[in-house]
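Coordinate inspection notes
The chain contents come next:
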Amino acid sequence: MSAPGFYASRLTRPGAVLAPMAGYSDAPMRQLAAEQGALWTVSEMISARGLMGGGDSEKLNLGRPYPGEQERVVQLFGAESDVLAGAVARAEAWFQPAAIDLNMGCPVPKIRGKGGACLLQTPEVAYDLVSAMRQATRLDVSAKIRLGWDHDRSVEVAQGLEAAGAALITVHGRTSAQRYTGQADWEAIARVAASVRVPVVGSGDILTPAQARERQRMGVAAVMIGRGAVGNPWIFRSLAGGQDDLPDARTRALTALRHAELQEQFYDDDTGRLTLRPLRKVLPKYLPDYPQLRDDLVQVVTAGDVRRVLRPLLEEGPDGAGGAADPAAITDPLNGYTLSHS
């Protein structure tokens, strides 16, 4: 368990943060991101009310750490102070998080009225929630917001959260009404960073290390990466001080296989998630320069299936011989890297 000051201590080093993503940022993905140098990772959002109700196996998986996991923040959503305070205490006891985050940014209609971005319509409620969460734990409490519900009021909301005791604020550069359309407004994020004393992490449309570095210069303490990290944990290595080039095809295939094996190990219980169906949308992103593998990768059920599909690349030698790789450099259309098969 981390002492207070987790965020401040992690922000003394270079790097980026893995965003909370429903259906993506589970324990296997967090493990790969952490190994590549993510400053910290954030769990999929967990319902505070569901957690207080005892939770079912699925909810426990949402917060459950992998063996030895550290630098992991648990994100909760809810709209009632007493429920969130209880959920913070329960999450701390069950999951040993490094910090607790309040979701104020999820625009999904099914959680409307239960928290998420709805809190941007009544920010004074959110301030009370953060205050109650702070009183329930000695861990850092943070909040992740959007610019507003349908217009930008992010500076006002951030200042209120700071006054309520938030140790860090993450800002996604869109309103809830925008969902994921248009472009993230990083000028607005920069205004928030300049308006509060607590660290501000910026989020939105970061797909490459170059984009991350450009955004970092806008005054934020760090950047948070979501879809740019799917199938690409090496983006964290780059921002922690490593090289920007992606590994060769064999290394990426080996990592895709390892992701599948971690998935099987973590969900080896009676939840029904032992199969790799949730990972089908992820595996092709490890190898966007091999579109011919996609149809097979989106049908896998076991790690053995993944191994069979990727066998031509897994058997490729370090010099590229014996495999299906084109020795010429290929531009990755998803992440804008140069893919090298050397």
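This structure is a prediction, so every number in the text was calculated from the model and none was measured. (Residues numbered from 1 in each chain as written. Predicted model: local features only at pLDDT ≥ 70, side-chain atom pairs only at ≥ 80, totals over all residues. Heavy atoms only, no water.)

This part takes up the pattern of salt bridges. Per the counting criterion, the structure on display carries 14 salt bridges. When the shortest N-O distance is used, the salt bridge between Asp-244 and Arg-213 registers 2.9 Å. Here Asp-244, found in the loop between helix H10 (234–239) and helix H11 (249–266), pairs with Arg-213, found in helix H9 (residues 209–216); they are 31 residues apart in sequence, far enough to count as distant. Look at Asp-244 and you get partly exposed, because its relative accessible area is 29%. Assessed through its relative accessible area of 32%, Arg-213 is described here as partly exposed. A salt bridge links Arg-308 to Asp-305; the nearest nitrogen and oxygen atoms lie 2.1 Å apart. (Salt bridge = Lys/Arg side-chain N within 4 Å of Asp/Glu carboxyl O. Helix = DSSP H or I, 4+ residues; strand = E, 2+ residues; numbered from the N terminus. Buried < 20%, exposed > 50% of the residue type's maximum accessible area, 1.4 Å probe, protein only.)

A separate point is the packing of aromatic side chains. Using the criterion set out here, one finds 6 aromatic pairs in the structure. Judged by centre distance (6.1 Å) and plane angle (80°), the rings of Trp-234 and Tyr-286 are edge-to-face. Separated by 52 residues along the polypeptide, Trp-234 in helix H10 and Tyr-286 in helix H12 (residues 283–286) bring together distant segments of the chain. For the pair Trp-234 and Tyr-286, one class covers both residues: buried. The cationic tip of Arg-146 hangs over the ring face of Tyr-180; the distance from NZ or CZ to the ring centre is 4.9 Å. Sitting over the face of the ring of Tyr-24, Lys-281 holds its NZ or CZ atom 4.7 Å from the ring centroid. (Phe/Tyr/Trp six-rings, centres within 6.5 Å; stacked < 30°, edge-to-face > 60°. Lys NZ or Arg CZ within 6 Å of the ring centre and 35° of its normal.)

With 100 residues, the main nonpolar core has Trp-40, Met-104, Leu-161 and Leu-310 as its most contacted residues. Those residues in contact with Leu-310, other than ones at most four positions away along the chain, are Ala-253, Ala-256, Leu-257, Leu-287, Leu-293 and Leu-297. (Core = buried A, V, L, I, M, F, W, Y, C linked by side-chain atoms within 4.5 Å. Contact = heavy atoms within 4.5 Å.)

Our next topic: the packing of helix H7 (residues 154–164) against helix H8 (residues 186–195). At a minimum axis separation of 9 Å, H7 and H8 run at an interaxial angle of 35°. In the crossing of H7 with H8, the sense of the turn from one axis to the other is right-handed. Touching Ser-154, Val-155, Ala-158 and Gln-159 of H7 are Ala-188, Arg-191, Val-192 and Ser-195, all from H8. Its residues assigned to classes, the contact of H7 with H8 comprises 4 nonpolar, 3 polar and 1 charged. (Axes fitted to C-alpha atoms, helices over the stretch in contact; angles between N-to-C directions. Left-handed = near helix turned anticlockwise from the far one by under 90°. Nonpolar A, V, L, I, M, F, W, Y, C, P; charged D, E, K, R; others polar.)

Quick look at H7 now. Every buried residue of H7 is listed here: Ser-154, Val-157, Ala-158, Gly-160, Leu-161, Glu-162 and Ala-164. Taken together, the buried residues of H7 touch strand E5 (99–104), helix H6 (123–135), strand E6 (140–146), strand E7 (168–172) and H8. Gly-165 lies just past H7 and shows a positive phi near 110°.

Moving on to the pairing of strand E4 (residues 72–77). Along any regular strand, the residues point their side chains to alternate faces of the sheet. Burial of E4 is extensive: 6 of the 6 residues sit out of reach of the surface. Neither face of E4 is open: one carries Arg-72, Val-74 and Leu-76, the other Val-73, Gln-75 and Phe-77, and all of them are buried. With 2 bridges connecting them, strand E3 (residues 46–47) and E4 associate as parallel partners. Paired with Ser-47 across the bridge in E4 is Phe-77. Pairing of E4 with E5, which is carried by 4 bridges, proceeds in the parallel orientation. Following the sheet pairing, Val-73 is matched in E5 by Ala-99. (Pairing = 2+ DSSP bridges.)

Where helix H2 (residues 27–35) meets H11, the axes come as close as 8 Å, and the angle between the chain directions of the two elements is 135°. Judged by the angle between their axes, H2 and H11 are oblique. Regarding H2 and H11, the two cross each other, and that crossing is right-handed. Every residue of H11 that contacts H2 at Ala-27, Pro-28, Met-29, Gln-31, Leu-32 and Glu-35 is listed here: Thr-255, Arg-258, His-259, Leu-262, Gln-263 and Phe-266. Residue composition of the contact of H2 with H11, by class: 6 nonpolar, 4 polar and 2 charged. (Parallel < 35°, antiparallel > 145°, perpendicular 65-115°, else oblique.)

Here the focus is the pairing of E5. Within E5, 6 of the 6 residues are buried, which leaves it mostly tucked inside the rest of the structure. A two-sided burial pattern is seen for E5, the buried positions comprising Ala-99, Asp-101 and Asn-103 on one face and Ile-100, Leu-102 and Met-104 on the other. Of the crossover connections in this fold, the one passing from E4 over helix H5 (residues 81–95) to the parallel E5 is right-handed. Bridge count between E5 and E6: 6 bridges; the pairing is parallel. Bridging from a neighbouring strand, Ile-100 pairs with Val-141 of E6. (Right-handed = clockwise from strand over helix to strand, strands pointing away.)

What follows deals with the environment of Arg-307. Here Arg-307 is to be found in helix H14 (residues 303–314). For Arg-307 and Ala-253, which are 54 residues apart along the polypeptide, the C-alpha to C-alpha distance reads 8.9 Å. When neighbours within four sequence positions are excluded, Arg-307 is seen to be in contact with Leu-257, Glu-261 and Leu-314.

Treat this as a map of the structure, not an account of what it does.
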